[in-house]
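As a plain string of letters, each chain reads:
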Amino acid sequence: MRLTVAQALVRFLSVQYSERDGVERRFFAGCFGIFGHGNVAGMGQALLEHGDELPYFMARNEQAMVHAAAGFARMSDRLSALACTTSIGPGATNMVTGAALATVNRLPVLLLPGDVFATRVANPVLQELEDARSYDVSVNDCFRPVSKYWDRINRAEQLPGALLAAMRVLTDPAETGAVTLALPQDVQAEAFDWPEELFARRVWRVARPVPEPAVLQEAAALLSGAERPLIVAGGGVIYSGATEELRALVERTGVPVAETQAGKGALAWDHPSSVGAVGVTGTTAANALAREADVVVGIGTRYSDFTTASHSSFADPGVRFVNINVARADAVKLGGLSVVADAREAIRALEEALDGYTVPQTYRDDARALTAEWNTEVDLACAPQNGERLTQAEVIGAVNEISGPRDVVVCAAGSMPGDLHKLWRARDPKGYHVEYGYSCMGYEIAGGLGVKMAAPDREVFVMVGDGSYLMMAQELTTAAAEGIKLVVVLVQNHGYASIGNLSESVGAQRFGTRHRLRTPTGLDGDPIPVDLAANAASLGADVIRAATSAELRDALQQARKSPRTTVIHIETNPLADTPDSAAWWDVPVAEVSALDSTREARARYERDRRTRRHHL
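Counting restarts for each chain: residues are numbered from 1 in the order of the written sequence. Reporting of local features is limited, given that this is a predicted model, to residues whose pLDDT is at least 70; pairs of side-chain atoms are given and counted only at 80 or more, and all residues count toward the totals for whole chains, interfaces and linings. Heavy atoms from the whole structure form the basis of all side-chain values; hydrogens and water molecules are not counted.

Starting at the N terminus, helices and strands are each numbered in turn, a helix being any DSSP run of H or I of at least four residues and a strand any DSSP run of E of at least two. Multiplying one less than the number of residues by 1.5 Å gives the expected span of a helix. Helix length check: helix H14 (residues 343-354), at 12 residues, gives a terminal C-alpha distance of 16 Å against a target of 16 Å (1.5 Å per residue), a fit within 8%. Every buried residue belonging to H14 is among Ala343, Arg344, Glu345, Ala346, Ile347, Leu350 and Leu354, and all of these are buried. A contact between two residues is defined here by any heavy atoms of the two lying within 4.5 Å. Those residues of H14 that are buried are in contact with helix H8 (213-224), helix H9 (235-239), helix H10 (243-253), strand E15 (295-299) and strand E16 (320-325). N-capping of H14 is provided by Asp342, with a side-chain oxygen placed 3.1 Å from the backbone N of Arg344. At the C-terminal side of H14, Asp355 shows a positive phi close to 50°. Each residue is placed in one exposure class: buried if its accessible area under a 1.4 Å probe, protein chains only, is under 20% of its type's maximum, exposed if it is over 50%, and partly exposed if it falls in between. Whenever a nitrogen or oxygen atom comes within 3.5 Å of another N or O atom, the pair is scored as a polar contact, on the condition that within protein one atom can donate a hydrogen and the other can accept it, and that pairs from neighbouring residues in sequence are kept only if both atoms are in side chains.

Structural data, given as structure tokens:
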């Protein structure tokens, strides 16, 4: 079959399928792209000719389209994905941040950046990085450290092997992340005689590895001897579809469940065993239990510093860890007993091996009392405060109240993710989508677009602060073009509230965190007179301005009923506090300073870091 390299690639992608538990689905739901001279004649032409096989979606920013692909993959439990094609040069390097985000979060995305001529006959071409040390280097080498698989297709014959390797990584839950195939612009347009077998329907089975029996028995013995066990549910519980198994396990044993950012929703917020978020942005209930836990069972978590409070959360001198994870690299963390297995299969096997174990009734009662105290704090924080401006907690409470049980909240960066982790009451395993592996400003709207593409039957509420909105709002136009409806809650607090709080805590006095006009003494004037609501309208969204709690609730109801993307703009008080998590985060403070604020912060830091420990 004689096709160009780009045509062959598109045809191959269109016939790839994933299968898990007997259910097959197309792996690639389409391809995002922005065209330039490095891909228009290759990938652009191929997508035009074969658009019925692989739908094309036009994006407005290359980084944003990778974020959308990541959001799509996460919402699809990594069983389906999107490809992204760009031109060479800046179009390609704009994707590097998105690639890092996908790999950090273990999300499959396929990146197809254009590259310079493989033949080099016209070098240096427009936008080529001309490196005198080696003409084999191009800007696409930037993708190597942030990709789980990277290749450059310099000859047509290399494509079949590269495609199979790419699919191996994309469909492997332990190894998945960004996959980059750099495509020289001349090779894309080159014709080749391909074997027809390359374009046969191919199904990639997503395996469910079972735990090794001896290790499982050791894990069961550890847990059976625990008096104060705690389960830390990570994203792997949700990706594995193990939420029902988790619920059955804890209902029988009484073990409390704390959740990471990616694992939030693994258990409904009001389940008797749910103690909420854990770590730096956690609940006082979960963190109190973490401090005294004698056995911690981590399921599908990579134990980030926010989860462990920079290794200060789990304070019992004899604490032991049982780590259930499909990825061995995560299962060995914190000196834990490694149960390398699929979360669903491991939970089922563990429940059977526990043979009637339950936690002491006093421990159950303590966990529920701590959780009840926290829930009272949340009720108070999220209720209308009748202040001059709404607090962020009030906004979160209103969105949580108006959204339906299956609706999805999307966020990524700033102070909002921490508040959502603590305050949001998740009712559905797929209803909470906060990107906190890379915590990338600008992810929210693009990620929300991908979420809605993966789940068009759900309402998607994007929560975004003004700092993150200013980073990347262009995909509102993509949503308008594609008729994809989002509800965007735009919180205007005139600065970087999260870093402002952190700056103050390390003695840096909120320096460089306020959006202010410059005066002779610095950036300390009036707020910059921007109108983000007008900006959103100019990008194709409907806009509602709200100033009070009642207006916000009315706006949310109106937006929920609308068929069009709606942005709700609301001014908030950036200095309003939310309930404290009683956990620590290790951010080093200047060891010497002429500022009293910094010296005081350093003294606190020296005290707090003594709580950090090694788990060996």
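Now for the nonpolar core. When a protein is soluble and globular, its nonpolar side chains tend to lie buried together. Here, nonpolar core means buried Ala, Val, Leu, Ile, Met, Phe, Trp, Tyr and Cys residues that are tied together by side-chain atoms lying within 4.5 Å of each other. If you look at the biggest cluster of nonpolar residues, it comprises 54 residues, and the most contacted ones within it are Phe32, Leu111 and Tyr469. Among the elements that line this core, the one with the most residues is helix H3 (residues 62-75), at 8 residues. What Tyr469 contacts, discounting residues up to four positions off in sequence, is Ile445, Val464, Leu476, Leu490, Leu532, Asn535, Ala536 and Leu539.

Turning to the side chain of Asp294, a few remarks are in order. Within the secondary structure, Asp294 is located in the loop between helix H11 (284-292) and E15. In this tally, Asp and Glu contribute negative charge and Lys and Arg positive charge; neither His nor the terminal groups of the chain are included. A pairing counts as a salt bridge when a side-chain nitrogen of Lys or Arg comes within 4 Å of a carboxyl oxygen of Asp or Glu. In this structure, Asp294 is buried with no salt-bridge partner, the nearest side chain bearing the opposite charge being Arg228 at 4.4 Å. Separated by 2.9 Å, the side chain of Asp294 and the backbone nitrogen of Glu227 make a polar contact. Looking at Asp294, its side chain comes within polar contact range of the main-chain nitrogen of Arg228, at 3.0 Å. When near neighbours in sequence (up to four residues on either side) are disregarded, Asp294 contacts Ala226, Glu227, Arg228, Pro229, Gly318, Val319 and Arg320.

As a further point, take empty space enclosed by the protein. Over the atoms, a rolled probe matching the size of one water molecule traces out where space is still vacant. Cavities and pockets were defined on a 1 Å grid built over protein atoms only: a cavity is a set of grid points that admits a 1.4 Å probe from which the probe cannot escape, a pocket is an open set flanked by protein on both sides within 12 Å along at least five of seven lines, and lining residues are those with an atom within 4 Å of any such point. Grid points are joined across faces, edges and corners, and a volume is the space filled by probe spheres set on the points. In this structure the tally under the stated criterion is 5 cavities of 30 Å³ or more. Approximately 160 Å³ is the volume found for the largest cavity. Counting only elements with at least two residues in the lining of the largest cavity, the list comes to strand E14 (274-277), helix H15 (361-382) and helix H17 (416-423). In terms of residue class, the lining of the largest cavity is built from 9 nonpolar, 6 polar and 4 charged. Estimates place the volume of the second largest cavity at around 70 Å³. Forming the walls of the second largest cavity are Arg74, Met75, Gly235, Ile238, Tyr239, Ala262, Pro429, Lys430, Tyr432 and His433. Elements with a contribution of two residues or more to the lining of the second largest cavity: H3, H9 and strand E19 (432-434). The greatest single-element share of the lining of the second largest cavity, amounting to 3 residues, is contributed by H9. Class assignment of the residues belonging to the lining of the second largest cavity gives a composition of 6 nonpolar, 2 polar and 2 charged. Three categories are distinguished: nonpolar for Ala, Val, Leu, Ile, Met, Phe, Trp, Tyr, Cys and Pro, charged for Asp, Glu, Lys and Arg, and polar for the others, with Gly belonging to the last.

Burial of strand E9 (residues 178-184) is extensive: 7 of the 7 residues sit out of reach of the surface. Burial of E9 is two-sided: the residues Ala178, Thr180, Ala182 and Pro184 facing one way and the residues Val179, Leu181 and Leu183 facing the other way are all buried. Here is how to tell: hold the view so the strands point away, follow the path from the first strand over the helix to the second, and if it runs clockwise the crossover is right-handed. Following the chain from strand E8 (residues 149-152) across helix H6 (residues 159-170) to the adjacent parallel E9, one finds a crossover that is right-handed.

Turning our eyes to something else, we now look at the side chain of Ser274. Here Ser274 shows up in strand E14. Exposure remark for Ser274: the relative accessible area of 4% places this residue in the buried category. Excluding residues that lie within four positions of it along the chain, Ser274 makes contacts with Val257, Leu267, Ala268, Trp269 and Thr371.

Next up on the list: the pattern of salt bridges. Opposite charge on two side chains permits them to pair, given that their charged atoms come into close proximity. By the definition in use, this model includes 39 salt bridges. In this structure, the salt-bridge partner of Arg208 is Asp21, at a minimum N-O distance of 2.9 Å. Note that Arg208 is positioned in the loop between strand E11 (202-205) and H8 and Asp21 in the loop between strand E2 (16-20) and strand E3 (23-26), a separation of 187 residues in sequence. The salt bridge involving Arg545 is made with Asp531; its shortest N-O contact spans 2.9 Å. Taken as a pair, Arg545 in strand E22 (residues 542-546) and Asp531 in the loop between helix H21 (497-505) and helix H22 (532-538) lie far apart in primary sequence, 14 residues in all. Of the residues examined, Arg545 reaches a relative accessible area of 52% and is grouped as exposed. Under the relative-accessibility criterion, Asp531 is labelled partly exposed at 37%. Three or more residues are tied together by salt bridges with common partners; here these are Asp21, Arg208, Glu245, Asp342, Arg344, Glu345 and Arg348.

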